[in-house]
Amino acid sequence: MTATLDTDAVLRVRQQVSDLHAELVRYGLVVWTAGNVSGRVPGADLFVIKPSGVSYDELTPESMILCDLDGTVVEGAHSPSSDTAAHAYVYRNMPEVGGVVHTHSTYASAWAARAEEVPCVLTAMADEFGGPIPVGPFALIGDDSIGRGIVDTLRDSRSPAVLMQNHGVFSIGKDAKSAVKAAVMCEDVARTVHIARQGGPLVPIPQESVDRLYDRYQNVYGQPGKA
Ligand SMILES: [Zn+2]
């Protein structure tokens, strides 16, 4: 941890992480309290995460929990999300990651229940995910196994989202907003590809076209750094 805590940075991340939970509700990715967003505090070995068991419309910046990278609470009146250990493992092992999101969104979790990756059959998927959305291992909460499964799967993939088998989605990004976008897009393509398959066989996109689409979208499209 840095010697002097940048309290402005912590306040900014508290606000962002609190606000972004409303996006999970807006896009229909969560029911009850089963989904969470976290964000790394720039320049510190700290992250901010949702408190456990608090409903989305009661979340405030002040009620967010500040944790160190071992998942130990540094500031917070509530206990942190029960998924905190998984988020912490990702931050410890993927220094480039600034945000993590977890949901049980319906269509993506249906693919996870079959332990089936979402094949890359839409140009929007090639843009965002650079290939299929991969499946991570079956892992139970309680130790590092969920976090390890997320990191081991995403390290070998261009996808910012992983379908943890029999469980749901974990997504990552350069910040919390990017991780939320990945969770939203993951559910959107999981739904579309599911519906497409009801109508007949899926047509894959050739790998060289996937590569070109991914490269263009990640490097040319939009304004760099403002995804
Ligand atoms: Zn879960």
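Residues numbered from 1 in each chain as written. Predicted model: local features only at pLDDT ≥ 70, side-chain atom pairs only at ≥ 80, totals over all residues.

Let's shift gears to the pairing of strand β8 (residues 168-173). Taking burial as the measure, the six residues of β8 include six buried ones, the bulk of the element. Where strand β5 (residues 99-103) meets β8, five bridges bridge the pair, whose relative direction is antiparallel. Residue pairing in the sheet places T103 in a bridge with V169 of β8. Here strand β7 (residues 161-164) pairs with β8 via four bridges, running antiparallel. Directly across from M164, in β8, lies its bridge partner G168. Hairpin connection of β7 to β8: three residues between the antiparallel strands, including N166 at a positive phi of 60 degrees. (Buried ≥ 20, exposed ≤ 12 C-beta atoms within 10 Å, placed from the backbone. Helix = DSSP H or I, 4+ residues; strand = E, 2+ residues; numbered from the N terminus. Pairing = 2+ DSSP bridges.)

Let us look at the nonpolar core. Counting 57 residues, the largest nonpolar core has V90, I150, L163, A183 and C186 as the members making the most contacts within it. Residues within four places of V90 in sequence aside, it is in contact with V97, V100, G147, I150, V151 and I172. (Core = buried A, V, L, I, M, F, W, Y, C linked by C-beta atoms within 7 Å. Contact = placed C-beta atoms within 7 Å.)

All right, on to the pairing of β5 then. For β5, a buried count of five out of five residues is recorded, marking the element as mostly surrounded by other parts of the structure. Because side chains alternate across β5, one face comprises the buried residues G99, V101 and T103, and the other comprises V100 and H102, equally buried. Summarising the sheet, strand β1 (residues 35-40) and β5 pair through five bridges and their orientation is antiparallel. Counterpart to S38 in the pairing with β5 is V100.

Let's shift gears to the packing of helix α1 (residues 7-26) against helix α6 (residues 176-199). Where α1 meets α6, the axes come as close as 10 Å, and the angle between the chain directions of the two elements is 15 degrees. With respect to α6, the axis of α1 lies roughly parallel. With respect to the hand of their crossing, α1 and α6 are arranged in right-handed fashion. Taken together, the residues of α6 that come into contact with α1 (itself represented by Q16, V17, L20 and E23) are A176, K177 and V180. The residue makeup of the contact of α1 with α6, split by class, is four nonpolar, one polar and two charged. (Axes fitted to C-alpha atoms, helices over the stretch in contact; angles between N-to-C directions. Parallel < 35°, antiparallel > 145°, perpendicular 65-115°, else oblique. Left-handed = near helix turned anticlockwise from the far one by under 90°. Nonpolar A, V, L, I, M, F, W, Y, C, P; charged D, E, K, R; others polar.)

The next thing to look at is α1. Along its 20 residues, α1 runs 29 Å from first to last C-alpha, staying within 8% of the 28 Å computed at 1.5 Å per residue. Listed in full, the buried residues belonging to α1 are V10, V13, R14, V17, S18, L20, H21 and L24. Looking straight down α1, one finds its buried side chains confined to an arc of 165 degrees; they lie on one side. Of the exposed residues in α1, the ones pointing more than 90 degrees away from its buried face are D8 and R26. In this fold, the buried residues of α1 make contact with β1, β2 (46-49), β3 (65-68), β5 and α6. (Expected span 1.5 Å × (residues − 1). Arc of directions from axis to C-beta.)

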